[in-house]
Amino acid sequence: MLAAARAHSIAPSSTKDGERMAETTIYVCTTCRAADDTSEIRAGARLLAALENSLIDRPQSVRLEGVECLSVCKRPCTVAFASPGKWTYVYGDFTAETAPETILAGAELYSAADDGLIPWKMRPDALKKGVIARLPPSLTSPSLPEKTS
Ligand code: FES
């Protein structure tokens, strides 16, 4: 049975001044199932496990969290990158077995970008082809503007 959400954190990085940088979370859909996949463990859950393994002994400031469905079920496996004050990106079309390094490389670029916007030329091809949506920072920022009406 799958856990509804698992989090796996790696120590957050710091700026030169010792200030903590906002942590990047990689949300991984654990219920994604590849079309021809008959495995008992869904591809999304296998992707999360592969990412967890890839992060062991790796000095990267990302947090993994398994979620049940990102509403992009036709493009498995799906993940999202999010961090307070940054654009949130949703990507799809990843395979559980081959995608972890690409996803982690993308998350590293995302973490390094102040606003979360990874320059197009720097993006791995899988992130260029697999981008599904981006959501503005105001949706994830703790300081949402107050309504006036
Ligand atoms: S099952 Fe993965 S996005 Fe819906």
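What counts, and where the lines are drawn
Residues numbered from 1 in each chain as written. Predicted model: local features only at pLDDT ≥ 70, side-chain atom pairs only at ≥ 80, totals over all residues. Helix = DSSP H or I, 4+ residues; strand = E, 2+ residues; numbered from the N terminus. Contact = placed C-beta atoms within 7 Å. pLDDT = per-residue confidence, 0-100. Core = buried A, V, L, I, M, F, W, Y, C linked by C-beta atoms within 7 Å. Buried ≥ 20, exposed ≤ 12 C-beta atoms within 10 Å, placed from the backbone. Axes fitted to C-alpha atoms, helices over the stretch in contact; angles between N-to-C directions. Left-handed = near helix turned anticlockwise from the far one by under 90°. Nonpolar A, V, L, I, M, F, W, Y, C, P; charged D, E, K, R; others polar. Pairing = 2+ DSSP bridges.

Undergrad: I tried to follow the overall build of the protein on my own but got confused; where do I start?
TA: The secondary structure content of the protein amounts to three helices and six strands. Listed N to C, the secondary structure of the protein is β-β-α-β-β-β-α-α-β in terms of helices and strands. Sequence separation of 24 or more characterises 68% of the internal contacts of the protein that already satisfy a separation of 6 or more.

Undergrad: Please explain the confidence of the model for the protein as it appears in this structure.
TA: Caution is warranted with low-pLDDT regions, since their predicted coordinates should not be read in detail. On average, residues of the protein carry a pLDDT of 83, and 77% of them reach 70 or more. This model gives residues 1–20 a pLDDT under 50, and the stretch forms 34 contacts once residues within four places in sequence are excluded.

Undergrad: Where do I start with the nonpolar core in this structure?
TA: In globular proteins that are soluble, nonpolar side chains generally tend to be buried together. With 32 residues, the main nonpolar core has Ile-26, Val-28, Leu-47, Leu-51, Cys-77, Val-79 and Ala-80 as its most contacted residues. Mapped by element, the contributors of at least two residues to this core are β2 (24–29), α1 (43–55), β3 (62–67), β4 (79–82), β5 (88–91) and α2 (100–112). The element best represented in this core is α1, accounting for six residues.

Undergrad: Looking at this structure, I do not really get unusual backbone geometry. What am I missing?
TA: Most peptide bonds adopt trans geometry, and most residues besides glycine take a negative phi value. Residue Cys-77 follows Pro-76 across a cis peptide bond; omega there is -10°. With respect to the helices and strands, the residue Cys-77 is situated in the loop between β3 and β4. For Cys-69, which is not glycine, the phi torsion reads 80° and is therefore positive. Relative to the elements of secondary structure, Cys-69 occurs in the loop between β3 and β4. Even without being glycine, Asp-93 reaches a positive phi, approximately 75°. Position of Asp-93 among the secondary structure elements: in the loop between β5 and α2. Residue Asp-93 is classed as partly exposed on the basis of its 16 C-beta neighbours within 10 Å.

Undergrad: Is there a simple way to think about the environment of Leu-104 in this case?
TA: As for its placement among the helices and strands, Leu-104 is situated in helix α2. Residues Leu-104 and Ser-54 lie 50 residues apart in sequence; the distance between their C-alpha atoms is 8.5 Å.

Undergrad: What should I look at first to understand the packing of α1 against α2 in this one?
TA: For any two helices packed against each other, the geometry is given by the interaxial angle and the distance between the axes. Axis separation between α1 and α2 bottoms out at 9 Å; the angle between their running directions is 65°. For the element pair α1 and α2, the recorded crossing hand is right-handed. The segment α1 lies against α2, with Ala-50, Leu-51 and Ser-54 engaging Pro-100, Glu-101, Ile-103 and Leu-104. Residues of the contact of α1 with α2, tallied by class, amount to five nonpolar, one polar and one charged.

Undergrad: For this particular structure, what's the right way to read the pairing of β4?
TA: In β4, alternate side chains face the same way, and those of Val-79 and Phe-81 on one face and Ala-80 and Ala-82 on the other are all buried. For β2 and β4, the ladder comprises four bridges, and the chain directions are antiparallel. Of the residues in β4, the one forming a bridge with Thr-25 is Ala-82. The pairing of β4 with β5 spans three bridges and is antiparallel. Looking across to β5, one finds that Phe-81 is bridged to Tyr-89. Two successive antiparallel strands, β4 and β5, enclose a turn made up of five residues, where Gly-85 displays a positive phi of approximately 80°.

Undergrad: How should the pairing of β2 be read in this particular structure?
TA: Consecutive side chains along a regular strand alternate between the two faces of the sheet. Of all six residues in β2, six are buried; the element is thus mostly enclosed. Side chains Thr-24, Ile-26 and Val-28 project from β2 onto one buried face, and the interleaved Thr-25, Tyr-27 and Cys-29 project onto a second face that is buried too. Summarising the sheet, β2 and β3 pair through six bridges and their orientation is parallel. Note on β3: the bridge partner recorded for Cys-29 is Val-67.

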